[in-house]
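One letter stands for each residue in the lines below.
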Amino acid sequence: MDNTQDGAAIRLRGVAKRYGDVRAVESVDLTIAPGEVVALLGPNGAGKSTTVDMMLGLTKPDDGTVSVFGRAPGDAVRAGMIGAMLQGGTLLDDLTVRETVGLVAKLHRRPLPVPDALRRAGIEDIAERRANKLSGGQKQRVRFAVALVSDPDLLVLDEPTAAMDVGSRREFWKSMYSFTDTGRTVLFATHYLEEAEEFADRVVLMRAGRIVADGSVAQVRALAGGRTIRAVLPEVTDSLVAALPAVTAFELRGDRVSLSSSDSDVTLRALLSAAPAVHDIEIGAVGLEGAFLSLTAEDETEAVR
Ligand code: ADP
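Sequence order as written defines residue numbering, which begins from 1 separately in each chain. Given that the model is predicted, a residue must reach a pLDDT of at least 70 before its local features are reported, and side-chain atom pairs must reach 80 or more before they are shown or counted; all residues, however, enter totals for whole chains, interfaces and linings. The side-chain quantities take in all heavy atoms of the structure and omit both hydrogens and water.

Things to note about the site of the ligand
Just so we agree on the cut-off: Throughout, near means a residue has at least one heavy atom within 4 Å of the molecule or strand. As used in this structure description, the phrase polar contact means that two N or O atoms lie within 3.5 Å; if the pair is within protein, one of them must be able to donate a hydrogen and the other to accept it, and residues adjacent in sequence are counted only when both atoms belong to side chains. In this description, accessible areas are obtained by the Shrake-Rupley approach with a 1.4 Å probe, and a residue is regarded as covered only by the protein chains that are shown. Helix numbers and strand numbers start at the N terminus; a helix is a DSSP run of H or I with at least 4 residues, a strand a run of E with at least 2. Throughout, the ten residues Ala, Val, Leu, Ile, Met, Phe, Trp, Tyr, Cys and Pro are labelled nonpolar, Asp, Glu, Lys and Arg are labelled charged, and all others, Gly among them, are labelled polar.
Residues in contact with the ligand, as listed here, are Tyr 19, Val 22, Ala 24, Pro 43, Asn 44, Gly 45, Ala 46, Gly 47, Lys 48, Ser 49 and Thr 50. Residue Gly 47 places a main-chain N or O atom 3.0 Å away from an oxygen atom belonging to the ligand. Side-chain polar atom of Thr 50 to an oxygen atom of the ligand: 2.5 Å apart, as the coordinates give it. Taking 570 Å² as the accessible area of the ligand by itself, protein coverage stands at 59%. Put simply, the parts of the chain that give the shell around the ligand at least two residues each are strand 2 (22-32) and helix 1 (48-55). Top contributing element to the shell around the ligand by residue count: helix 1, with 3 residues. Tallied by class, the residues present in the shell around the ligand amount to 5 nonpolar, 5 polar and 1 charged.

Focus on the side chain of Arg 184
Which entries qualify depends on this criterion: Think of it in three bands: residues with accessible area under 20% of the maximum for their type are buried, residues over 50% are exposed, and the middle band is partly exposed, with areas taken using a 1.4 Å probe on protein chains only.
Considering the arrangement of structural elements, one finds Arg 184 in the loop between helix 6 (166-180) and strand 7 (185-190). Under the relative-accessibility criterion, Arg 184 is labelled buried at 8%. A polar contact of 2.5 Å, which involves the side chain of Arg 184, links it to the side chain of Asp 151.

Notes on a nonpolar patch on the surface
As a reminder of what qualifies: Without a salt bridge and with relative accessible area above 30%, a residue can belong to a patch; like charges are then joined within 9 Å and nonpolar side chains (Val, Leu, Ile, Met, Phe, Trp, Tyr) within 5 Å. A side-chain nitrogen of Lys or Arg and a carboxyl oxygen of Asp or Glu constitute a salt bridge if their distance falls within 4 Å.
Where nonpolar side chains cluster on the molecular surface, the patch consists of Leu 272, Ile 281 and Ile 283 and spans about 230 Å² of accessible area. Turning to its location among the elements, Leu 272 is positioned in helix 10 (residues 264-274). By relative accessible area, Leu 272 is classed as partly exposed at 41%.

Section: the side chain of Thr 161
Note the cut-off: The contact rule is simple, with two residues in contact once any of their heavy atoms fall within 4.5 Å.
With respect to the secondary-structure elements, Thr 161 resides in the loop between strand 6 (154-158) and helix 6. For Thr 161, the side chain forms a polar contact with the side chain of Glu 195, separated by 2.8 Å. Residues in contact with Thr 161, not counting those within four places in the same chain, are Gln 140, Arg 169, Phe 172, Trp 173, Tyr 192 and Glu 195.

Considering the domain arrangement of the chain
Convention followed: Delimitation of the domains relies on an automatic or database domain assignment.
Per the domain assignment, the segments of the chain are domain 1 (10-81 + 152-221) and domain 2 (226-285). Once you take the C-alpha centre of each, domain 1 and domain 2 turn out to be 35 Å apart.

Printed below as a string of structure tokens:
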């Protein structure tokens, strides 16, 4: 599978996109090698969808360049090299699942056999059902089959499991494993940190249009460099915790406090002196979620739920 003229599956150089006064994406440099499975993470409005749209040739950058397998994104899409699953991509209500996937297959030169695409997406049992009779999770799987049927080298998925319950999400990722086992490239945007943690080789974290961290799950965790402190604290208040030094994020549930700190020694000393009744203290390494919160938090400390 050597479609790469410049060695990269996706390459973004100095990419920027503005909508009026909003800088949706700014100075983004990103190279994704063939075979990588990359999670694009970030809070709402971070610029993930805009970045994905530029990779697919749906939006043009104002500055910088985007190439996919060495080609302009639109050319790579037309050549069937990219399969995309976008949020809210519409399905034709009157067509059955099999007809929908069959229709898309006809648009491509070397599609997968339709039964193959249905099997890989795990929707053989609903092949004769019309789109208007499908649940949200089933529609997502049909979109997945549509993305797969061109037999693409790269899959780009924007929040692929958004409408799925836990069971469907697990099934979905099982089908994805069989796709990536064949050495193909996947980029997916997600809100679900556990999906990134479990499934991605690499995590790219965006905030306010920029990439703020890029590496393996372990590297991104380490980048945050912090620790979590959990403790029980009678009569704890938001203002008490927010006033502690080095706290990057915190959560209160009843008398339990859970916080991320960039310097747990300093935070703990201040906590013990501000609230001597604190007990059951546990200190741990920051998980991906903690790293996510501390790397994407705005300048002021944020309370999170
Ligand atoms: P994410 O996918 O991370 O939630 P988006 O790429 O959708 O982020 O949005 C990034 C920023 O650009 C947001 O502030 C959003 O409101 C703005 N934006 C995105 N698309 C448009 C558009 N078509 N017109 C105006 N503003 C937009």
